[in-house]
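# Remarks on the overall topology
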Amino acid sequence: MDSDAVRRLALEYARGCDRRDADGVAALFTPDGRLAREPDLDVRGRAAIAERIAALARYRTTTHFVGNHLVEGDRGEVYCVAYHLYDDRVFVMSIRYQDRYVQTDEGWRFGERVLIVDWTEDRPLGQAPA
């Protein structure tokens, strides 16, 4: 396992989301890859993943800060704080991704990425957190 290569996947995913590169994000998955969040999201395949990532366009901008990334075997867990700006508000999510990595001819890819939301906050833009 190339830990640096799979850690780079998490960074490229965040950058792709923030740059609205839905096809680029989808390419980080295996062709039959899965992106999920219980109980309301379970998409499979690059086309469906790209469509889901493209939905971020409803926000004026997003910023994903990737933090802790622990890799064990072909599995990993990544922490992220994601900021979503809309209207005059910011929606903040503290999230974790539980990943399964697959070595392919294209390099390391996500076989599965499951999103876990630990907490959220929705506040007026410019207001400091409580």
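Data block above holds the structure.
A short tour of the structure in this document, coming up. (Residues numbered from 1 in each chain as written. Predicted model: local features only at pLDDT ≥ 70, side-chain atom pairs only at ≥ 80, totals over all residues. Heavy atoms only, no water.)

The next thing to look at is the overall build of the chain. A tally of regular secondary structure across the chain gives three helices and six strands. In terms of C-alpha radius of gyration, the chain reaches 15 Å, essentially the compact-globule figure of 14 Å for 130 residues. Seen along its three principal axes, the alpha-carbon backbone of the chain occupies a region of about 45 × 30 × 25 Å. Classification of the 130 residues of the chain by burial places 43% in the buried group. Summarising the internal contacts of the chain: among those between residues at least 6 apart in sequence, 49% fall at separations of at least 24. With an accessible surface of roughly 7,200 Å², the chain has 48% of that area assigned to carbon and sulfur atoms. Within the chain, one finds 19 positive and 23 negative side-chain charges whose respective centroids are separated by 2 Å. (Helix = DSSP H or I, 4+ residues; strand = E, 2+ residues; numbered from the N terminus. Rg over C-alpha atoms; globule rule 2.2 N^0.38 Å. Buried < 20%, exposed > 50% of the residue type's maximum accessible area, 1.4 Å probe, protein only. Contact = heavy atoms within 4.5 Å. Areas by Shrake-Rupley, 256 points an atom, 1.4 Å probe, with all protein chains shown as cover. Lys, Arg positive; Asp, Glu negative; His and termini not counted. Charge placed at Lys NZ, Arg CZ, Asp CG, Glu CD.)

Moving on to the pattern of salt bridges. Enumeration over the complete set of coordinates arrives at 13 salt bridges. A salt bridge links Glu77 to Arg96, with the shortest nitrogen-to-oxygen separation between them at 2.9 Å. Linking Glu77 in strand β4 (residues 75-86) with Arg96 in strand β5 (residues 89-104), this pair joins segments that are 19 residues apart in sequence. You can call Arg96 buried: its relative accessible area is 17%. Put simply, Asp122 and Arg89 hold a salt bridge, and the shortest N to O gap is 3.0 Å. (Salt bridge = Lys/Arg side-chain N within 4 Å of Asp/Glu carboxyl O.)

This brings us to the pairing of strand β6 (residues 107-124). Here strand β1 (residues 29-37) runs beside β6; their pairing, made up of five bridges, is parallel. Bridged to Ala36 within β6 is Val114. As paired elements, β5 and β6 share 16 bridges and run antiparallel to each other. Bridged to Tyr97 within β6 is Leu115. Between β5 and β6, which pair antiparallel and follow one another directly, the connecting turn spans two residues. (Pairing = 2+ DSSP bridges.)

For the structure shown, the criterion picks out one cavity of 30 Å³ or more. As a volume, the largest cavity reaches approximately 40 Å³. Around the largest cavity, the lining residues are Ala10, Tyr13, Ala14, Val66, Val78, Cys80, Tyr97 and Arg113. Secondary-structure elements contributing two or more residues to the lining of the largest cavity are α1 (3-18) and β4. (1 Å grid on protein atoms, 1.4 Å probe; cavity = no way out; pocket = protein on both sides within 12 Å on 5 of 7 lines; lining within 4 Å. Points joined across faces, edges and corners; volume = space filled by probe spheres on them.)

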